[in-house]
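Survey of secondary and tertiary structure
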Amino acid sequence: MVDIGYLLSFIVVMTIATFATRLLPFVIFQKQSKHPMMSYIAKYTPPMIMSILVLYVLKNVDFNSVESINTLAAIATTVGVHLWKGNSLLSIFAGTFLYMYLVQG
Amino acid sequence: MIRRIIKLTTPIMFGYIPMGMTFGVLFQGLGYPWYFSTLMGLFIFAGAAQFMAIGLLSAGAGLTEVFISTFMLNFRHVFYGLSILEKYGKWGLRKFYLVFGLTDETYSLVTTIKAPKEVNEQNYYFFITLVNQGYWVIGCTLGVLLGGLVEFNTEGMDFALTALFIVLVIEQWKNIRDILPFVIATLSSIFVLIFFPNQMLVGSIMLSISILITLRAIKNKSYG
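Residues numbered from 1 in each chain as written. Chains lettered and ligands numbered in written order. Predicted model: local features only at pLDDT ≥ 70, side-chain atom pairs only at ≥ 80, totals over all residues.

With that settled, consider the interface of chain B and chain A. How big an interface is tends to be reported as the loss of accessible area on association of its parts. Across the boundary between the two partners, chain B contributes 71 residues, which contact 56 residues of chain A. No other element matches the 14 residues that helix α9 (residues 159-176) of chain B contributes to the side of chain B that touches chain A. Residue composition of the side of chain B that touches chain A, grouped by class: 48 nonpolar, 18 polar and 5 charged. (Contact = placed C-beta atoms within 7 Å. Helix = DSSP H or I, 4+ residues; strand = E, 2+ residues; numbered from the N terminus. Nonpolar A, V, L, I, M, F, W, Y, C, P; charged D, E, K, R; others polar.)

Once that is clear, we can look at the domain arrangement of chain B. All names here are of chain B. Per the domain assignment, the segments making up chain B are domain 1 (2-176) and domain 2 (178-224). Using C-alpha coordinates to define each centre, domain 1 is positioned 26 Å away from domain 2. Facing the 4 residues of domain 1 at the interface are 6 residues of domain 2. (Domains from an automatic or database assignment.)

The description of two packed helices rests on the angle between their axes and on the distance between the axes. Residues and elements named next belong to chain B. As a packed pair, helix α3 (residues 47-59) and helix α4 (residues 63-73) sit with axes 10 Å apart at the nearest point and diverge in direction by 150°. Classed by the angle they form, the pair α3 and α4 counts as roughly antiparallel. Note that α3 runs across α4; the crossing there is right-handed. Within the contact between the two elements, α3 uses A48, A49, M52 and L56 and α4 uses V66, S69, T70 and L73. Of the residues contributing to the contact of α3 with α4, the split by class is 6 nonpolar, 2 polar and no charged. (Axes fitted to C-alpha atoms, helices over the stretch in contact; angles between N-to-C directions. Parallel < 35°, antiparallel > 145°, perpendicular 65-115°, else oblique. Left-handed = near helix turned anticlockwise from the far one by under 90°.)

We now examine unusual backbone geometry. Across the chain, the bulk of peptide bonds are trans and the bulk of non-glycine residues have phi less than zero. Residues and elements named next belong to chain B. Positive phi values are uncommon outside glycine, yet F45 reaches one of about 45°. Summarising the element assignment, F45 is placed in the loop between α2 (35-43) and α3. The residue R177 is not glycine, and still its phi comes out positive at about 50°. Looking at where R177 falls in the secondary structure, it is placed in the loop between α9 and α10 (180-195).

See below:
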């Protein structure tokens, strides 16, 4: 027995909670957006967050296992191809296809 | 412009469609009509939160609990907005949607990739967000409809998102040519991973921004 009413209110609540986290900084800090500290944050935060996201997605890799070699090989390929050709799509595909090949093979 | 955006967001398609499909398959197990999976992709549009929703729905969690846990889970987004206050321009329907659709991947693209000169910057970001949500909604829908019927071997495809973040770190480095943010981020992540492993994402972001602001304040003071 499924409760559609519950599901609908669930979706509404989760939508509001997610949107609130995305909206909050714009509501609170919009007036300060020209402040020098804000432009400093705007400049330096993206590289920090991007680095953290990389470490975050890699944190569950067990670097003592054989599978970690797949991950390391795919990362090395992505970085290598990117430094070589500088074409984002090509680097991402090279790394991803290699990874898929290694884990499925 | 659309062609350029499709090209730009292809890695995200590789991540979002299989991930959305996984969500759809799990959602199907709950026994609700299929279109609610589509609806969740349309309105919630948050990967981690939707996966958490599967657990909360099957447990019949209270709505207060749903609100608090979703807010906590997505709290990192507060810091995303902080760095694009200027970039997203003036308030209007377009900006409303841009803010609504600010996922990790969209944030990464709009903060790293410069819009071409001939196009309106906010329109460019708008279509990136829209196309990304399109992939996600397609994934959520396909997963629940196809369910266990078709055997897909998409294993490993989600590495595209890891590869995307790696490439964007390199691109960020090319833009900024300053090692400071990368060092701060790495040290913060290691610290948080050791002491608060369950809050790695939001913890590292908060810590690294705090360090950044502190360093700036010290620098300003010493220049008097």
